[in-house]
Amino acid sequence: MDRPIDISAPGAPHPDDDGFPVAATASLQEGRSTTLKHGDTFALFDHAGDLGGGPEGLYHDDTRHLSHLSLWLNGARPLLLSAAVQDDNAALTCDLTNPDLPAGGELEAVPNDLLHLRRSRFLWKGACHERLSLRNFDDRPHRLRLELRFAADFADLFEARGARRERRGTLHAPLQERDHVTLSYTGLDAQRRQTVLRFDPAPSRLEAQRAIYELTLPPRTRQAVFIEIGCNREPAPCTARQAFGRRCARRGGRSGATPRCGPASTAATTSSTRRCAAPRPISACW
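Residues numbered from 1 in each chain as written. Predicted model: local features only at pLDDT ≥ 70, side-chain atom pairs only at ≥ 80, totals over all residues. Heavy atoms only, no water.

A. A look at the confidence of the model for the protein chain. Taken over all residues, the pLDDT of the protein chain has a mean of 82, while the share at 70 or more is 77%. Counting contacts from residues 24-29, a segment whose pLDDT is below 50, to residues more than four positions away or on other chains yields 11 contacts. Counting contacts from residues 255-286, a segment whose pLDDT is below 50, to residues more than four positions away or on other chains yields 65 contacts. (pLDDT = per-residue confidence, 0-100. Contact = heavy atoms within 4.5 Å.)

B. Up close: the packing of aromatic side chains. Tallied over the entire structure, the rule returns five aromatic pairs. Residues Phe-122 and Phe-244 carry aromatic rings whose centres are separated by 5.3 Å and whose planes lie at 55° to one another, so their mutual orientation is tilted. Residue Phe-122 is found in strand S8 (residues 115-123), and its partner Phe-244 is found in helix H2 (residues 240-255); the two are separated by 122 residues along the sequence. According to the relative accessible area criterion, Phe-244 is buried, its value standing at 1%. Both rings, one in Phe-226 and one in Phe-244, keep their centres 5.4 Å apart while their planes meet at 70°; by these two values the pair is edge-to-face. With Phe-226 in strand S17 (residues 222-231) and Phe-244 in helix H2, the pair connects residues that are 18 residues apart, well separated along the chain. (Phe/Tyr/Trp six-rings, centres within 6.5 Å; stacked < 30°, edge-to-face > 60°. Helix = DSSP H or I, 4+ residues; strand = E, 2+ residues; numbered from the N terminus. Buried < 20%, exposed > 50% of the residue type's maximum accessible area, 1.4 Å probe, protein only.)

C. Focus on unusual backbone geometry. Here the bond from Asp-200 into Pro-201 is cis, since omega is 0°, no more than 30 degrees from zero. Relative to the elements of secondary structure, Pro-201 occurs in the loop between strand S14 (192-200) and strand S15 (205-206). The phi angle at Asp-62 is positive, at roughly 65°, despite the residue not being glycine. Inspection of the secondary structure puts Asp-62 in the loop between strand S3 (57-60) and strand S4 (63-66). Given a relative accessible area of 48%, Asp-62 falls into the partly exposed group. Residues other than glycine seldom take positive phi values, yet Phe-154 does so here, at roughly 55°. The topology assignment puts Phe-154 in the loop between strand S10 (142-151) and helix H1 (157-160). Assessed through its relative accessible area of 3%, Phe-154 is described here as buried.

This is the structure in structure tokens:
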């Protein structure tokens, strides 16, 4: 018969410093990558939807317009549950959950697997559109800090594969507004390339390389954040939420399949943004 373990004995298993007996901090599903493509734009993401290094990135016209993108929840990386790519390789859906989140500052501890995150993403005509949904399955509210970190190196395909160039162009300082950041680079060919990241709603704090949302999520409810990453293009005269709905509907109409990108905004639109509203209802992915 097995003897009981004395957890007070040296070397015996015991609760970790975070207060969880066995802290869940990593996913068995991580480590793989997936490719999306539409027209002259393609992206190589990991299966959690992040860009972490090496050849990963968002590319347009053979230039990497985004070299880093990572999602953080209360200072920790969410755990991947599953990921699926549509048959046309233009859309990716990632389901994630929270690891054990220790208390810190104004944030309380959150046990593993109480929060569900879904990243619905697709490429369309030089832009990456994403809806990030966060749902609280707990019976009490949680204060959360959702953070998106990003960067662009504007490397060409050869540099992304490891080649070294003797000279490079000029990487300009990011330009920040209330709800968007512009990253830009002027190459040796004197051509200016830019990446515009738009967020809807506007983040609680937007910096040169990260967007931070301070959220209070009531029990059994969800909130959504929409992100548009445009490559060498001016943003549409509408919000990132409306742009997501319209492009998602167009994708569904083109392929003849029912879109699975989620509902478009139901808010009333002004005359300047009405043409960006979803032309027809879109089925929910929940």
